[in-house]
Structure formats: structure tokens, C-alpha cells
Amino acid sequence: MNAAVLVGVDIVEEDRIVRAARRGGDVFARRVTTPAERGREPGPAAFSVKESLIKAVGSRPPGFSWHDFEAEARPPSGWSAVLLEEAAGELAASTGLPLTGGAAYLVRGASRGAALRRLRPGPDRTDPGTVAGAARWGAGDGLFVSLAIVFMDGSV
């Protein structure tokens with residue numbers, strides 16, 4: 001298989017996320033997470049993983065919303081899970097922090113468009129296909145580390 005994959009990494013002090021969430025309270029939670037994510041208690045993963053997804057698509061495009069990315073209640077599967085597992089192992093080895101959390105992600109809105117422009121450059125976007133994401137994350141030694149991939153595939 002020949003697939004294009006976008007990769008993003010976020011490494012942040014865990015206290016920074018906790019302080020921001022505490023300071024922003026429910027407003028912060030509603031801004032960063034979708035209603036479905038809030039029902040699953042996303043914790044610091046919501047902000048850091050979405051930052052790594054933003055890095056994967058290249059930026060916060062015009063029209064961006066934190067809700068462009070939504071964690072699904074299932075782990076990544078298929079080839080994307082294999083690729084993510086390998087990359088997570090390398091990132092864990094270089095940071096010393098195991099990436100124990102994980103989820104598949106929906107990618108929509110302006111971020112989907114930005115991903116499409118990077119995944120399928122040029123004028124031939126007649127069949128854009130499914131844009132999806134997957135992420136792994138972990139914390140330790142005062143840091144939160146997340147790794148995300150964004151890709152096009154029918155079997156996410």
C-alpha cells in the first residue's frame with residue numbers, strides 16, 4: 001500500500017494543561033472538546049492530542065475549530081494502528097515516557113480541508129476519500145506527550 005501520512009507531536013508540561021483547564025473551567029472544556037468527548041473524561045489528552053493533530057495538518061486553518069477533531073470511543077485499527085504503534089514506540093524510546101493512551105479521531109471542517117491539501121496536492125481532488133486521524137499519548141516526569149497521524153484511507 002502507498003499512503004500519505006501526516007505526523008504531529010506535542011510535548012508540554014502537564015501542569016500547564018492542568019492550570020489552563022482549571023482556569024478556564026467549563027468554558028475551556030466546551031471550547032476544546034465536543035459533547036461526546038466530554039462524556040468520556042478526556043483530561044489533558046484532549047488539548048495536547050489536538051495540538052499534535054493541528055501540527056499534522058500544518059496549522060490552524062481559517063475557519064478552524066477545536067471541534068474539527070473528535071476522539072472516537074475506539075482505538076485506531078488496521079494499517080494506521082500498526083504505523084502509529086511503531087511511531088509511538090520510537091517516541092517513547094526518545095522521551096522515556098510510554099504512550100499508553102490512544103484513540104481514533106474524526107477529522108472534519110477546516111482542518112479536514114487543510115489535511116486534504118497536504119495529502120493530495122494538486123488539482124486532482126475529485127474523490128477526496130476519508131480523512132481520519134489516530135493518536136497515542138502518555139504522561140510522566142511532569143510532561144505530557146502526544147503523537148498523532150492524519151491520513152486518507154477507507155479502513156481507518
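Okay, so let's go over this structure.

Let's shift gears to the packing of aromatic side chains. Applying the stated criterion across every chain, the model contains four aromatic pairs. Judged by centre distance (5.6 Å) and plane angle (70°), the rings of F64 and W66 are edge-to-face. Members of the aromatic cluster, joined through ring pairs, are F28, F47, F64 and W66.

For the rest of this paragraph, the subject is unusual backbone geometry. Even without glycine at this site, D141 takes up a positive phi of about 50°. Mapped onto the fold, D141 is located in the loop between strand 4 (131-140) and strand 5 (143-152).

Locating A73 in the fold gives a position in the loop between strand 2 (69-71) and helix 4 (78-95). Given the relative accessible area of 67%, A73 is considered exposed.

Another point: the sheet that holds strand 1 (residues 5-13). Sheet strands line up and pair through hydrogen bonds in the backbone, either parallel or antiparallel. Ordered by their spatial adjacency, five strands build an open sheet running 1-5-4-3-2, and the pairing between neighbours is antiparallel. Of all strands in the sheet, those with a lone pairing partner are strand 1 and strand 2, marking the two edges. This sheet shows a mean twist of 25° between the axes of neighbouring strands, independent of strand direction. The pairing of strand 1 with strand 5 spans nine bridges and is classified as antiparallel. Bridge assignment links G8 to a residue of strand 5, and that residue is A148.

Quick notes on the rules
Residues numbered from 1 in each chain as written. Predicted model: local features only at pLDDT ≥ 70, side-chain atom pairs only at ≥ 80, totals over all residues. Heavy atoms only, no water. Phe/Tyr/Trp six-rings, centres within 6.5 Å; stacked < 30°, edge-to-face > 60°. Helix = DSSP H or I, 4+ residues; strand = E, 2+ residues; numbered from the N terminus. Buried < 20%, exposed > 50% of the residue type's maximum accessible area, 1.4 Å probe, protein only. Pairing = 2+ DSSP bridges. Axes fitted to C-alpha atoms, helices over the stretch in contact; angles between N-to-C directions.

Functional significance is not addressed by these values, which are geometric in nature.
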